[in-house]
Amino acid sequence: MAAADSPSAALRRDLCSRGIRLAGKMRADVVDLLDAYVEQQGLDASASVAAVEGVPLAAVERWDEQTGTQRLLENLAAYRAFRALLAQMLEEQREQMGEADAGLGRALAAVLLQVSAFAYHLEELLRLESRGIPGEEEDGPPPPPRLSLFEQKLRGLGVLRELAQWAVRSVRDLRQLAKPSPATGAAPDLAESP
Amino acid sequence: MFSRWSWVACGFCLVLNICSPDASSGLVQSCGHIIPESPVLALGSNFTALCILNESCLDFGNIYASQIIWKIKNRVVPKEQYREINRTVSSVTFNDTSSLATPLTCNILADGQIEQNIYGITVTVGLAPEKPKNLSCIVHQVSRFTYVMTCTWNPGRHTFLDTQFKLRYSWPEEIFPDCIPKDVNNSCTITDIQFFVNTEIWVEATNALGKAESDRLVVDPIDIVKPLSPQNVSVSSGILPTVLKLSWENWISNAVMTLKFNIRYRIAGDTNWMEVPSEDTASPRTSFSVQGLRPYTEYVFSIRCMKEDGQGYWSDWSEEKTGMTTEDQPSKGPPIWRIIDTSHSPASWTVHLIWKALKPFEANGVILQYEVTVRDKSCLSCPVKKYNVTSTNHTLQLPEGTYEVTLIARNSVGASPPSVLLIPASNSKAPVKNLRTLPKHDKLWVGWTAPNTYVLKYVIEWCLVSSSSDCIIEWQIAQGDVQGIDLKGIKPFKCYLITVYPLYADGQGSGQSVKAYLKQDRPSKGPTVQTKKVGKAEAVLTWNHLTVEEQNGFIRNYTILYKTIDGNETVVTVDPSKTEYTLSSLTSDTLYTVRMMASTDNGSSTGPDFTFTTQKFGKGEIEAIVVPVCLAFLLIVLLGVLFCFNKRDLIKKHIWPIVPDPSKSNIAQWSPQVPAKHNFNSKDQMYPEGSFTDVSVVEIEADDKKSFSEQDLKPFDLLKKDKSTSEGHSSGIGGSSCMSSPRQSVSDSDEGETTQNTSSTVQYSTVVLNGYRDQTPLHVFSRSESTQPLLDSEERSEDHSGGADSTAQRQQYFRQNGGQDETNTDRPCFERAKQVTHADEGDLVGFVQLQISGQSSQPLGLGMEKNTQEAALSSVLQTCTEGQTVRPETVEENPLPVDEMPKSYLPQTVRQGGYMPQ
């Protein structure tokens, strides 16, 4: 109980709470953005998209067996990837679209900000876990191959869909982390995990 | 400014460079410059500037630092502030930059004391920015997905410099673009807001003198949101007549922010809002059923929202939406009352049943009809009468008795509970006590003390009292447990008659009434006063009461103000019930102005002025004067009559002297040769002494002188001397009757011929020289040519004349005169003259004539009077002339005693007649 009342515990709880709400809002915004994106890009909402390269899949086996640190690290890696992909999409969007589609661009930028903010939340939580924050790759992900415009649209659709999935998973992960108990007890085990 | 100065400086430099060896090179060089160049200085700080001369100018122009003069604008800086650092550098120091101005110039006195400018700089003075304070931010929701954050702060003092403010915000790992305020320096709006991340916000203020930052505000923008108010609000009636369902849409998804709500509502037309308890709407929702509403009532709803946890701001209230609850059966029966008209016959009532329409919250719908039931309580077998009425009154003809009236209101849903009114045969129960009123703002409170027995209800009747129309009764029912109600709709300045009836379960109490005003004012006019009766020292004033419309309040008193034109005003206060007042202690025969003032609790009004004049005499005063005067006059007259009656003989002698009857005279024995003395003696014998008041002289014309003795003729000789002109013509009458005046002489002369012609006949002549009793003296000379004896009337007329026919009478006078002279020697001559005038005006003729003839009028001494009998006739005449100045009227006013009258005649008569030798 004493730990629960400490400033770090309060901060952790606050970060979790805020992160949960941010993830929820991010999911809502991404869902709205998906509709706008599909309509704007002339895509079919039911079109299937292959997995986006460089983005870890949200679906995972034995999710409930994961430690808190594992959850945080997987989330951080995923959102860093989304940050880069969304920045690229925004750039492509600005190149392809004119001022008429400024609304879609603003929505993409807003989601990008949310992804960045969520990554910041994850990093803060990792710091509270006294875990080192893995550095971002200096060179970043390898530049994607030059894609056609349609392929860019499909990739964008895939990124947003996966982001929506990750938003849902992140909410669940943070809620799990917000639970006061065993997560901290499992912390030594987490130290050994990659 | 600076550019201008630079131009001037360059101009001077050009002049200086004309002499410069480098001028040939074509480059323009100044002979010096100032360090620092155009500084920005803090207000109140010190400042030092250096003017550095070029070496090249020193040799050619003989210019040195000691010749430098510093100027601010056109004002020379005192030399005390200079310092010559070396031969080419001069400094100037200012301890307070507030004394600085632009431009600051470096000048030099060249040869010939010509001041030339070397260089100049502009100086800017201001303040460093203060730390911005009170930074606060609010996130406004603009649309469903758009939020803007507006931050405001206090920029601090004015810096006099161009100061830039920047609103900066950042995440720990990301710095966002600055927000630069436009046109203002205390607020800025950020459009790119991300929730759920703590954002650090601060303000930077920067100018040439420094930079300041506000305290940093760390906030998650989601916690300072002011959301948009719910939209598409709708109201629908529920199943129950007391429920309305409110539905709406939220602008914010639950993913972003969960909301709580406030719902307020009011009855349409009312201004007071009611609120749904906040705990009922503290969770996210899009609808709510408001309960406990009135049936058949229109309500207005409005709703607002905010973040569920209470952080942030309430939205504005949504647009108002109205909804109406459904009908329900009336909640109560209509209040009912009656007015009984017994004017036609006490045994037969005309009962006007009146009731009030139910209020909307009581009717709970549209009242379709009223059902009236009348039951005669004194006749159990009589059938109950029922009436269906759509209006709010019903008139019945009922015989006197006790009735129970039941009233039910019915709408589309059902019927109201019945209202019951008992109409007893008489209001024999106890009335309320201590009925009173009290104004309360725009309402009139009516209070009473309840009777000792239980009262079911009270009926309060009131009506506007008017002098021109009947009292239109309004009424209200109060429950039996109250002892006062507020009457609404009462007009100020109007008189209301309020009556309270207690209603018992088994009867009704008699009504108690009181008059009341909601608000009083001063009367609209004052009473018109007038006099009913005006006396010498009092006046009765009357006036009419003001009409109730004119009173504007309870008349507390009347005030009478009255005054004379130049006097002080007197004030009298009169009881308001009076219409008459008597002013007393007024001054007689004086004009008074009176006016009247009516006073209420709130002021007074004065009526028109009325003027009246008090009478000169009081009641009975004239009678008190006139009656005694009349009585006195009557008394005097009576006394006079009595006196005359007592002295009738004497009066008769004076007024109607007995004229001797010539027929009885001894004319045959009378001859001119007979001395007058004999005639006198005969007269004396014939008439009693003192019976004559006048003298008549009868003369015989022919040869009268011969018959007189010498002594008797002496007076005539004297007269002849005085009146020589008339002597020749005067008749015997004129001479013998002592009428020796010129006038008489003329008269005598006029008739001289006639006299001579008739000298052989006996003639009677009467001469009246003075008027009788104020009558104008009439000088008549009548000569009777008749040979007939004289009648009584002739005798009377001759009584006034100074005729010489009565020698005997003259003798009587002479005796009386002698007595008088002895006893009254001290009297002045004029007093005696009065007596003479009164006693025998005829004797005065001679005196009058003498005075007219120009005799001296000096008063004579008493000694002369004593000797009148022996004195010469001339002196006598002179003496008695004085007596003629006294008017005969004075004699009449002071009549002498009768026995004294002859005494004053004697001397004159003797002298005048001159017939009687003493």
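Please read all numbers here as calculations on a predicted model, not as lab measurements.

What counts as what
- Residues numbered from 1 in each chain as written.
- Chains lettered and ligands numbered in written order.
- Predicted model: local features only at pLDDT ≥ 70, side-chain atom pairs only at ≥ 80, totals over all residues.
- Heavy atoms only, no water.
- Helix = DSSP H or I, 4+ residues; strand = E, 2+ residues; numbered from the N terminus.
- Buried < 20%, exposed > 50% of the residue type's maximum accessible area, 1.4 Å probe, protein only.
- Contact = heavy atoms within 4.5 Å.
- Areas by Shrake-Rupley, 256 points an atom, 1.4 Å probe, with all protein chains shown as cover.
- Disulfide = S-S within 2.5 Å.
- Polar contact = N/O pair within 3.5 Å; in protein donor to acceptor, adjacent residues only side chain to side chain.
- Core = buried A, V, L, I, M, F, W, Y, C linked by side-chain atoms within 4.5 Å.
- Domains from an automatic or database assignment.
- Pairing = 2+ DSSP bridges.
- Axes fitted to C-alpha atoms, helices over the stretch in contact; angles between N-to-C directions.
- 1 Å grid on protein atoms, 1.4 Å probe; cavity = no way out; pocket = protein on both sides within 12 Å on 5 of 7 lines; lining within 4 Å.
- Points joined across faces, edges and corners; volume = space filled by probe spheres on them.
- Nonpolar A, V, L, I, M, F, W, Y, C, P; charged D, E, K, R; others polar.
- Patch = residues over 30% accessible without salt bridge, like charges linked within 9 Å, V, L, I, M, F, W, Y side chains within 5 Å.
- Salt bridge = Lys/Arg side-chain N within 4 Å of Asp/Glu carboxyl O.
- Left-handed = near helix turned anticlockwise from the far one by under 90°.
- Buried area = accessible area lost by both parts, 1.4 Å probe.
- pLDDT = per-residue confidence, 0-100.
- Phe/Tyr/Trp six-rings, centres within 6.5 Å; stacked < 30°, edge-to-face > 60°.
- Lys NZ or Arg CZ within 6 Å of the ring centre and 35° of its normal.
- Parallel < 35°, antiparallel > 145°, perpendicular 65-115°, else oblique.

Student: Honestly, the overall build of chain B in this entry has me stumped. Any pointers?
Tutor: Helices and strands together make up the secondary structure of chain B, namely 21 helices and 51 strands. Looking at chain B as a whole, 44% of its 918 residues are labelled buried. Expressed as a percentage of contacts within chain B between residues at least 6 apart in sequence, the contacts between residues at least 24 apart total 67%. Element-wise, carbon and sulfur atoms account for 52% of the exposed surface of chain B, whose accessible area totals about 46,900 Å².

Student: What exactly am I supposed to notice about the state of the cysteines here?
Tutor: Two cysteines form a disulfide when their sulfur atoms are joined by a covalent bond. Residues and elements named next belong to chain B. According to the stated counting rule, one finds 4 disulfides over all chains in the structure shown. For cysteine 137, the disulfide goes to cysteine 151, at an S-S distance of 1.9 Å. Of note, the bridge from cysteine 137 to cysteine 151 carries an S-S torsion of about 110° and is right-handed in sense. With cysteine 137 in strand E11 (residues 133-141) and cysteine 151 in strand E12 (residues 147-154), the pair connects residues that are 14 residues apart, well separated along the chain.

Student: Honestly, the side chain of threonine 105 of chain B in this entry has me stumped. Any pointers?
Tutor: With respect to the helices, strands and loops of the structure, threonine 105 of chain B is situated in strand E8 (residues 104-110). In terms of polar contacts, threonine 105 of chain B uses its side chain to reach the side chain of asparagine 107 of chain B, at 3.0 Å.

Student: Would you mind going over the nonpolar core with me for this structure?
Tutor: One broad trend across soluble globular proteins is that nonpolar side chains are buried collectively. Counting residues in each nonpolar core, the largest one holds 95 residues, and the members touching the most others are Tyr79 and Leu86 of chain A together with Leu167 and Phe301 of chain B. No other element matches the 13 residues that helix H4 (residues 102-128) of chain A contributes to this core. The residues that make up this core include at least three from each of domain 2 (133-219) and domain 3 (227-325) of chain B. Among residues more than four places away in sequence, those in contact with leucine 86 of chain A are Leu108, Val111, Leu112, Val115, Val159, Leu160 and Leu163 of chain A. In this structure, Leu41, Ile72, Val92 and Ile121 of chain B belong to the second largest nonpolar core, which totals 28 residues.

Student: In this structure, what is going on with the pairing of strand E44 (residues 557-564) of chain B? I would like to understand it.
Tutor: Every regular strand shows the same layout, with side chains that alternate between the two sheet faces. Residue and element names in this part refer to chain B. Of all 8 residues making up E44, 6 are buried, and the element is well covered by its neighbours. One ladder, built from 8 bridges, connects E44 with strand E47 (residues 591-600); its direction is antiparallel. Each bridged residue has a counterpart across the sheet, and for leucine 561 the counterpart in E47 is arginine 595. Judged from the 5 bridges that link them, E44 and strand E45 (residues 570-574) form a sheet pairing that is antiparallel. When the sheet's bridge partners are listed, tyrosine 562 is paired in E45 with threonine 570. Here E44 folds back onto E45, and the loop between the two strands holds 5 residues.

Student: Just to check I follow, could you spell out the sheet that holds strand E28 (residues 348-355) of chain B for this structure?
Tutor: By definition, the strands of a sheet pair up through backbone hydrogen bonds, in either a parallel or an antiparallel sense. All names here are of chain B. The 3 strands are arranged E27-E28-E31 in an open sheet whose pairing can be described as antiparallel. Every other strand in the sheet has two partners, leaving strand E27 (336-345) and strand E31 (393-399) as the edge strands with one partner each. Averaged over all neighbouring strand pairs, the angle between strand axes comes to 25°, with direction disregarded. Judged from the 7 bridges that link them, E27 and E28 form a sheet pairing that is antiparallel. Opposite tryptophan 337, over in E28, you have isoleucine 354 as the bridge partner.

Student: I keep staring at the layout of surface pockets and nothing clicks. Help me out?
Tutor: Over the atoms, a rolled probe matching the size of one water molecule traces out where space is still vacant. Of the voids in this model, the largest pocket is the one considered here, and its volume is about 1,200 Å³. If you go around the largest pocket, you meet 43 residues; those closest to its centre are Arg106, Ala107 and Ala110 of chain A together with Phe145 and Gln194 of chain B. Mapped by element, the contributors of at least two residues to the lining of the largest pocket are helix H2 (7-41), helix H3 (68-96) and H4 of chain A together with E12 and strand E15 (187-190) of chain B. Residue contributions to the lining of the largest pocket peak at 13 residues, all from H4 of chain A. Residue composition of the lining of the largest pocket, grouped by class: 25 nonpolar, 9 polar and 9 charged.

Student: How should I be thinking about the pairing of strand E17 (residues 210-213) of chain B in this particular structure?
Tutor: The pairing of strand E16 (residues 199-207) of chain B with E17 of chain B spans 4 bridges and is antiparallel. Within E17 of chain B, the position partnered with alanine 205 of chain B by the bridge is alanine 212 of chain B.

Student: Looking at this structure, how should I read the environment of threonine 542 of chain B?
Tutor: With respect to the helices, strands and loops of the structure, threonine 542 of chain B is situated in strand E43 (residues 539-543). Once you skip the residues sitting within four places of it in the chain, threonine 542 of chain B turns out to touch Thr528, Val529, Gln530, Lys532, Thr579 and Glu580 of chain B.

Student: I'm lost on a nonpolar patch on the surface in this one. Help?
Tutor: Residues and elements named next belong to chain B. Together, Val627, Leu631, Phe633, Leu634, Val637 and Val641 line one region of the surface with nonpolar side chains, adding up to about 560 Å² of accessible area. Inspection of the secondary structure puts valine 627 in helix H5 (residues 621-646). Relative accessible area serves as the criterion here: at 44%, valine 627 is assigned to the partly exposed category.

Student: Would you explain the sheet that holds strand E29 (residues 367-376) of chain B in this entry?
Tutor: Residues and elements named next belong to chain B. Pairing in this open sheet of 4 strands is antiparallel, and the strands run E30-E29-E32-E33 from one edge to the other. Lying at the two open borders of the sheet, with one neighbouring strand each, are strand E30 (385-389) and strand E33 (419-423). Here the strands of the sheet are splayed against their neighbours by 20° on average, with no regard to which way each runs. Bridge count for strand E32 (residues 403-411) against E33 is 5 bridges, and the pairing is antiparallel. The residue of E33 that forms the bridge with glutamate 404 is leucine 422.

Student: Is there a simple way to think about the pattern of salt bridges in this case?
Tutor: Opposite charge on two side chains permits pairing when their charged atoms draw close. Residues and elements named next belong to chain B. Under the criterion given, the structure shown has 32 salt bridges over all chains. Two residues, aspartate 316 and lysine 226, come together in a salt bridge whose shortest N-O distance is 3.0 Å. In this pair, aspartate 316 sits in the loop between strand E25 (298-307) and strand E26 (321-324) while lysine 226 sits in strand E19 (residues 225-226), placing the two residues 90 residues apart along the sequence. The partly exposed category is assigned to aspartate 316, whose relative accessible area is 49%. In this structure, aspartate 506 engages lysine 429 in a salt bridge whose closest nitrogen and oxygen atoms are separated by 3.3 Å. With aspartate 506 in the loop between strand E39 (495-504) and strand E40 (507-508) and lysine 429 in the loop between E33 and strand E34 (433-440), this residue pair connects regions lying 77 residues apart in the sequence. A relative accessible area of 52% means that aspartate 506 is categorised as exposed.

Student: Any chance you could explain the packing of H4 of chain A against helix H5 (residues 149-178) of chain A here in plain terms?
Tutor: Relative orientation and spacing of two packed helices are given, respectively, by the angle between their axes and the distance between those axes. All names here are of chain A. At their nearest, the axes of H4 and H5 sit 13 Å apart, and the two run at 35° to each other. Judged by the twist between their axes, the crossing of H4 over H5 is left-handed. Of H5, the residues touching H4 (which contributes Leu108, Val111, Val115, Phe118, Leu122 and Leu125) are Leu160, Leu163, Ser170 and Leu174. Counted by class, the contact of H4 with H5 contains 9 nonpolar, 1 polar and no charged residues.

Student: Help me understand the interface of chain B and chain A in this model?
Tutor: Interfaces are often sized by the accessible area lost when the parts come together. At the junction of the two partners, chain B supplies 18 residues and chain A supplies 17 residues. For the pair chain B and chain A, the summed buried surface comes to about 1,400 Å²; carbon and sulfur atoms form 59% of the total. When the area that chain B buries against chain A is broken down by residue, the three leading residues are Glu173, Gln194 and Phe196 of chain B, summing to 39%. Between chain B and chain A we count 1 salt bridge in total. For arginine 18 of chain A, the salt bridge goes to aspartate 220 of chain B, with nearest N and O atoms at 2.3 Å.

Student: Help me understand the confidence of the model for chain A in this model?
Tutor: Within chain A, residue pLDDT values average 78, and 83% of them lie at 70 or more. Segment residues 183-194 of chain A: pLDDT under 50, and 10 contacts once partners within four positions in sequence are set aside and those in other chains are kept.

Student: I would appreciate a short explanation of the packing of aromatic side chains in the present structure.
Tutor: For any pair of aromatic rings, geometry is given as the distance between the ring centres together with the angle between the planes. As enumerated under the stated definition, the model contains 20 aromatic pairs over all chains in all. Three or more aromatic residues joined by ring pairs form one cluster here, namely Tyr79, Phe82, Phe118 and Trp166 of chain A. Directly above the ring of tryptophan 273 of chain B sits arginine 264 of chain B, whose terminal nitrogen or CZ lies 4.1 Å from the centroid. In this structure, arginine 294 of chain B is placed above the aromatic ring of phenylalanine 361 of chain B, and the distance from its NZ or CZ to the ring centre is 4.8 Å.

Student: Would you mind showing me how to read the packing of H2 of chain A against H4 of chain A here?
Tutor: Residues and elements named next belong to chain A. Interhelical geometry of H2 versus H4 gives an angle of 155° and a closest axis separation of 9 Å. Comparing the axis directions of H2 and H4 gives the class roughly antiparallel. Regarding H2 and H4, the two cross each other, and that crossing is left-handed. A per-class count over the contact of H2 with H4 returns 19 nonpolar, 6 polar and 5 charged.

Student: Can you walk me through the environment of serine 331 of chain B in this structure?
Tutor: Relative to the helices and strands, serine 331 of chain B resides in the loop between E26 and E27. Residues serine 331 of chain B and proline 295 of chain B lie 36 residues apart in sequence; the distance between their C-alpha atoms is 9.9 Å.

Student: I tried to follow unusual backbone geometry on my own but got confused; where do I start?
Tutor: Negative phi values dominate among residues other than glycine, just as trans dominates among peptide bonds. All names here are of chain B. For the bond running from isoleucine 35 to proline 36, omega is 0°, close enough to zero to count as cis. In this structure, asparagine 134 is a non-glycine residue whose phi angle is positive, near 55°. Within the element layout of this structure, asparagine 134 appears in strand E11. Backbone geometry at histidine 441 places phi at a positive 55°, although glycine is not the residue there.

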